Amino acid sequence: MEESIKALVKELFENPIDPNELRRRWSIDAPWQSTGVLEPLNIITGKLMYRQAMYRESRFYGFKLRHHYIDGFNMHWLCNEKPKKSRGTLLLLHGLSAEKSHWIRFARYFIKDYHVIIPDLAAHGQTGYRPDGNYSTHAQASRIIELLNHLQVDQVHVLGNSMGGFISARLATGWPERIVSLGLMDAAGLQARTYSALVESIEAGRNPFLLHSLAEFDHLMSLAAHKQQWMPSQVRLMLAKQYSDRRERLFNVFLQVQNEIYPHDWITEQLPSINMPTLVLWGELDKLLDVDMLAHFKELIPHAKTVNMSKTGHMPMMERPLATARHYREFLKKISVVGTGFQQKAS
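What this report covers is the structure whose coordinates are included nearby. (Residues numbered from 1 in each chain as written. Predicted model: local features only at pLDDT ≥ 70, side-chain atom pairs only at ≥ 80, totals over all residues. Heavy atoms only, no water.)

**Some words on the packing of helix α8 (residues 214–224) against helix α9 (residues 233–245)**
Close contact between α8 and α9 brings their axes to 9 Å; oriented N to C, the two are set at 95°. Classed by the angle they form, the pair α8 and α9 counts as roughly perpendicular. Counting all contacts with α8, which are made through Leu214, Phe217, Asp218, Leu220 and Met221, the residues of α9 involved are Arg236, Leu237, Leu239, Ala240 and Tyr243. Along the lines of polarity and charge, the residues of the contact of α8 with α9 split into 8 nonpolar, no polar and 2 charged. (Axes fitted to C-alpha atoms, helices over the stretch in contact; angles between N-to-C directions. Helix = DSSP H or I, 4+ residues; strand = E, 2+ residues; numbered from the N terminus. Parallel < 35°, antiparallel > 145°, perpendicular 65-115°, else oblique. Contact = heavy atoms within 4.5 Å. Nonpolar A, V, L, I, M, F, W, Y, C, P; charged D, E, K, R; others polar.)

See the structure below:
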């Protein structure tokens, strides 16, 4: 481990800084940097464009929006009608600061064969936020189990990206009888063994998830994806301002999740005990969670199938939805073979 990372771990995690000091370092209370007098109008326009596009796209692929109160949160999720000859249920979990719509273009490739459930986790999307809420992986996983109980779904194939992968691992270790297979896509939860742009930003006194300007939003997008998705300027501005307005909740969630990784992470102790079929898929050019973690997860779960996707960043399901879906479908077809594990270098 590089000396710079050791210093960061010692400062931020071995001896955690007081949250008030982190608030100061990361400028949580700093004002938003306005883009000009037309900004309010552009934000309203962007919000209408975004909502309409997401609604139309989700409906086009057969997804409907549902909601139900769970643990004091009005949890929202997208789902399709269960196919007559269903091969099972897929549960797709997003990452920190993300939302359910990020899965739509990936999930569309499974709607004919699977019942697909895509929730907004607590403090994200439409599900809402409570300042006193528990956003640990265990709490989030418990809410997911309650959702499955509400939907009368006994078992699922779970696939999670980033923080969603961390929560998926919690489901697999805490409720193994409910998980048919585990999918970890650029998953969080491990202590860093190599350098990354995320570590570099934090060392420089910035948290890239806590935004104050449109420029910082563009920087975050460059970290999150190798291949940038085009979006109208009004939508881009609206999303940037939304990130900024949600700084408080993202700060809260970030700290709670980090406390499960440093100074001691539970995932390295518990993951070796799982025996369900597992896929670990990574974007080779991930700038937030280095691709070294793919090998690290393989060390912890020797039977896992691994896929290293070239020309891909932190969110394969958005950057390359078809290619990512093909890898996942191939995995699902082979999970009946107990103990199958192999590594694949993907293009």
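Moving on, there is more to tell.
**Here we look at a nonpolar patch on the surface**
Side chains of Val37, Leu38 and Leu41 sit close together on the surface and give an oily, nonpolar patch of about 350 Å² of accessible area. By the secondary structure assignment, Leu38 is in the loop between α2 (19–25) and α3 (39–60). Among the residues examined, Leu38 registers a relative accessible area of 53% and is labelled exposed. (Patch = residues over 30% accessible without salt bridge, like charges linked within 9 Å, V, L, I, M, F, W, Y side chains within 5 Å. Areas by Shrake-Rupley, 256 points an atom, 1.4 Å probe, with all protein chains shown as cover. Salt bridge = Lys/Arg side-chain N within 4 Å of Asp/Glu carboxyl O. Buried < 20%, exposed > 50% of the residue type's maximum accessible area, 1.4 Å probe, protein only.)

**Some points on the pairing of strand β4 (residues 115–119)**
Of all 5 residues in β4, 5 are buried; the element is thus mostly enclosed. Neither face of β4 is open: one carries His115, Ile117 and Pro119, the other Val116 and Ile118, and all of them are buried. Pairing of strand β2 (residues 73–79) with β4, which is carried by 3 bridges, proceeds in the antiparallel orientation. Each residue of the ladder has a partner; that of Leu78, found in β4, is Ile118. Bridge count for strand β3 (residues 89–93) against β4 is 3 bridges, and the pairing is parallel. Across the sheet, Leu91 pairs through a bridge with Ile117, a residue of β4. (Pairing = 2+ DSSP bridges.)

**Section: the nonpolar core**
Ranked by size, the top nonpolar core spans 111 residues in total, and within it Trp26, Phe106, Phe110, Val116, Leu171, Phe297 and Tyr328 carry the most contacts. Those residues within four positions of Trp26 in sequence are excluded, and the remaining contacts are Ile202, Gly205, Arg206, Asn207, Leu210, His212, Phe251, Phe254 and Leu255. (Core = buried A, V, L, I, M, F, W, Y, C linked by side-chain atoms within 4.5 Å.)

**Section: helix α6 (residues 163–174)**
Between its terminal C-alpha atoms α6 stretches 16 Å, which fits the 16 Å expected from 12 residues at 1.5 Å a residue. The buried fraction of α6 amounts to 11 of the 12 residues, a majority that puts the element mostly inside the structure. Along α6, the residues classified as buried are Met163, Gly164, Gly165, Phe166, Ile167, Ser168, Ala169, Arg170, Leu171, Ala172 and Thr173. In this structure, the buried side of α6 is in contact with β3, α5 (137–150), β5 (156–161), β6 (179–185), α10 (247–258) and α11 (267–270). (Expected span 1.5 Å × (residues − 1).)

**Considering the side chain of Arg249**
Along the chain, the position of Arg249 falls in helix α10. Notably, Arg249 is buried but unbridged: the nearest opposite-charge side chain belongs to Asp120, and the N-O separation is 9.1 Å. Apart from the residues within four sequence positions on either side, Arg249 is in contact with Ala123, His124, Gly128 and Tyr129. (Lys, Arg positive; Asp, Glu negative; His and termini not counted.)

**Points about the packing of α5 against α6**
With their axes 9 Å apart at the nearest point, α5 and α6 run at an angle of 70° to one another. In terms of their interaxial angle, α5 and α6 are classed as roughly perpendicular. The two elements α5 and α6 cross, and the hand of that crossing is right-handed. Contacts from Thr137, His138, Gln140, Ala141, Ile144 and Ile145 of α5 reach α6 at Phe166, Ile167, Arg170 and Leu171. Taken together, the residues of the contact of α5 with α6 sort by class into 6 nonpolar, 3 polar and 1 charged. (Left-handed = near helix turned anticlockwise from the far one by under 90°.)

**Focus on the pattern of salt bridges**
With the rule as written, the count across this model stands at 17 salt bridges. Between Asp113 and Arg329 there is a salt bridge whose closest N-O contact spans 3.1 Å. Here the residue Asp113 occupies a position in the loop between α4 (104–107) and β4, and Arg329 occupies one in helix α14 (residues 321–334), the gap between them amounting to 216 residues. The structure contains a network of salt bridges with shared partners spanning Glu21, Arg24 and Arg25.

**Thoughts on the pairing of β3**
Across the 5 residues of β3, 5 count as buried, placing the element largely inside the fold. Burial along β3 is two-sided: Thr89, Leu91 and Leu93 facing one way and Leu90 and Leu92 facing the other are all buried. Strand direction decides the pairing type here: β3 and β5, joined by 4 bridges, are parallel. Within the sheet, the bridge partner assigned to Leu92 lies in β5 and is Leu159.

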